[in-house]
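So the chains spell out like this:
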Amino acid sequence: MSSDIKAAFFDIDGTLTSFVTHVVPRSTIDALHALQKKDVKVFICSGRAPSYMGVVLDTIPVEFDGIVGLNGQFCTTRDGLDYRHPIDLHDVEIITDWLQSHTDVVANYAESNYGYFNRINAALERTWNSLGKTAPKIDICNPRQRIGNHRTFQISPYVDKATEAEIAGMCGNVRGVRWHPDFTDLIPADGGKAVGMQVVLEHFGWSMDNAIAFGDGGNDVDMLRFAGIGVAMGNATDEPKTVADYVTDSVDDAGISNALHHFEIL
C-alpha cells in the first residue's frame, strides 16, 4: 500500500508543531524532505486561515505543494488550483447577530487573506498565550464593517458544545468542528477537511487511497476517516485516535517520521 501513497496531508497545531516547544521538530522536517524526494506531494491541512499560517510555515524549510486551509474551505496548490467555499452570507449575518446580542462572547472571523476578532477577553488571551510563538497577531474589528463585502470562510466563537449546536441550528448550512475545548470553528455544513482533500486529490487525478493524513484534534476526524491511511498523533485527543488507522508517537517523539517508516512510505 505504501507505493500507492502520492500525497501526505498534515495538520499544523499539535501535529507539525509541538504544543510544548512551539516548533516543528527536526525529525518532521527531515521526513517532509524525504517524502518529496520520493515524489510524494506534501500538503498543509489546517483549520488556520492562510493569513495565520505564515508564523509557522515561515519557520519550516519546506516548500509545501499546496494548502487545505480554513478546515477545507480554501484550497490552493503550487500548480494553480484555487478552490474557495465561504459560509453563506445569510448564515454569517445570523451568527453575527447572535454575537452582537451576546457581548461576552469572543469570536474570530476568517477571510481568505485576513483574520480578526470581534473583541478580546481573558479566554482569548489564554488560548493565544498557549500557542506561544506560533500565535498570529490579534486584530480587532467590527464584523459589520466587513462581512458585506468580504467573504467569510469560518467563524470561531468561544462557546461550549451546547451553544455551538444552538448557533449552528439557527443557520441553514453551518456545522461546528473543534480542535480546542474553548472554541469551535463554524464552517459550511457541506464542507470540511475531507472535502478540501478530495478537491486537491481530484485535481491531481488521485483518490483517497493515494493519501495519508496526520492530525490530532476533533477537526481532523473527517480527514483521518477519509484518507487511505489516517494517522493520529500520540498527543491527539480521544476522538481522532478512535477513528485513525494508526496511532503514532507524539509530535515531540518523532511521531510523523515513525509512522511513515511504520507504513514503509519512507
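Our subject in this report is the structure included herewith.

As for the overall build of the protein chain
Regarding its fold elements, the protein chain presents nine helices and 13 strands. For the protein chain, the C-alpha radius of gyration of 18 Å lies close to 18 Å, the compact-globule estimate for 266 residues. Each of the 266 residues in the protein chain was classed as buried or not, and the buried ones make up 57%. When contacts within the protein chain are restricted to residue pairs at least 6 apart in sequence, those whose partners lie at least 24 apart make up 60%. Per element, the accessible surface of the protein chain, about 10900 Å² overall, is 48% carbon and sulfur. For the protein chain, the separation between the mean place of its 21 positive charges and that of its 36 negative charges on side chains is 4 Å.

Thoughts on the packing of helix α1 (residues 26-37) against helix α9 (residues 255-262)
For the pair α1 and α9, the least separation of the axes is 7 Å and the interaxial angle reads 40°. With respect to α9, the axis of α1 lies oblique. Contacts between α1 and α9 pair S27, T28, A31 and L35 from the former with I256, S257 and L260 from the latter. Of the residues that constitute the contact of α1 with α9, the class distribution is four nonpolar, three polar and no charged.

Here's the deal with the pairing of strand β9 (residues 174-180)
As judged from the five bridges shared by β9 and strand β10 (residues 183-188), these two strands associate in the antiparallel manner. For G176, the partnering residue across the bridge sits in β10 and is L186. A loop of two residues connects β9 with β10, the two strands running antiparallel in sequence.

Comments concerning helix α6 (residues 193-204)
For an α-helix, 3.6 residues make a turn, and residues three or four places apart therefore share a direction. Here α6 is twelve residues long and its end C-alpha atoms lie 17 Å apart, about the 16 Å a rise of 1.5 Å per residue gives. Once α6 finishes, G205 follows within two positions and takes phi at roughly 80°, a positive value.

Some remarks on the sheet that holds strand β13 (residues 246-247)
The eight strands are arranged β5-β4-β3-β2-β1-β11-β12-β13 in an open sheet whose pairing can be described as mixed. Only two strands of the sheet have a single neighbouring strand rather than two, namely β5 (82-84) and β13. Sheet topology note: the strand β3 (residues 66-69)/strand β4 (residues 74-77) ladder contains four bridges and is antiparallel. Across the sheet, G66 pairs through a bridge with T77, a residue of β4. Sheet contacts for α9: β1 (7-10), β11 (211-215), β12 (229-232) and β13; angle to β11, the most-contacted strand, approximately 150°.

Details of the side chain of T77
Along the polypeptide, T77 turns up in strand β4. Its relative accessible area of 10% is what places T77 among the buried residues. A polar contact is formed between the side chain of T77 and the side chain of D79, at a distance of 2.5 Å. Each residue touching T77, except ones within four places of it in the same chain, is listed here: F43, D65, G66, V200, H203 and F204.

Reading guide: rules and limits
- Residues numbered from 1 in each chain as written.
- Predicted model: local features only at pLDDT ≥ 70, side-chain atom pairs only at ≥ 80, totals over all residues.
- Heavy atoms only, no water.
- Helix = DSSP H or I, 4+ residues; strand = E, 2+ residues; numbered from the N terminus.
- Rg over C-alpha atoms; globule rule 2.2 N^0.38 Å.
- Buried < 20%, exposed > 50% of the residue type's maximum accessible area, 1.4 Å probe, protein only.
- Contact = heavy atoms within 4.5 Å.
- Areas by Shrake-Rupley, 256 points an atom, 1.4 Å probe, with all protein chains shown as cover.
- Lys, Arg positive; Asp, Glu negative; His and termini not counted.
- Charge placed at Lys NZ, Arg CZ, Asp CG, Glu CD.
- Axes fitted to C-alpha atoms, helices over the stretch in contact; angles between N-to-C directions.
- Parallel < 35°, antiparallel > 145°, perpendicular 65-115°, else oblique.
- Nonpolar A, V, L, I, M, F, W, Y, C, P; charged D, E, K, R; others polar.
- Pairing = 2+ DSSP bridges.
- Expected span 1.5 Å × (residues − 1).
- Polar contact = N/O pair within 3.5 Å; in protein donor to acceptor, adjacent residues only side chain to side chain.

Taken by themselves, the reported measurements are silent on function.
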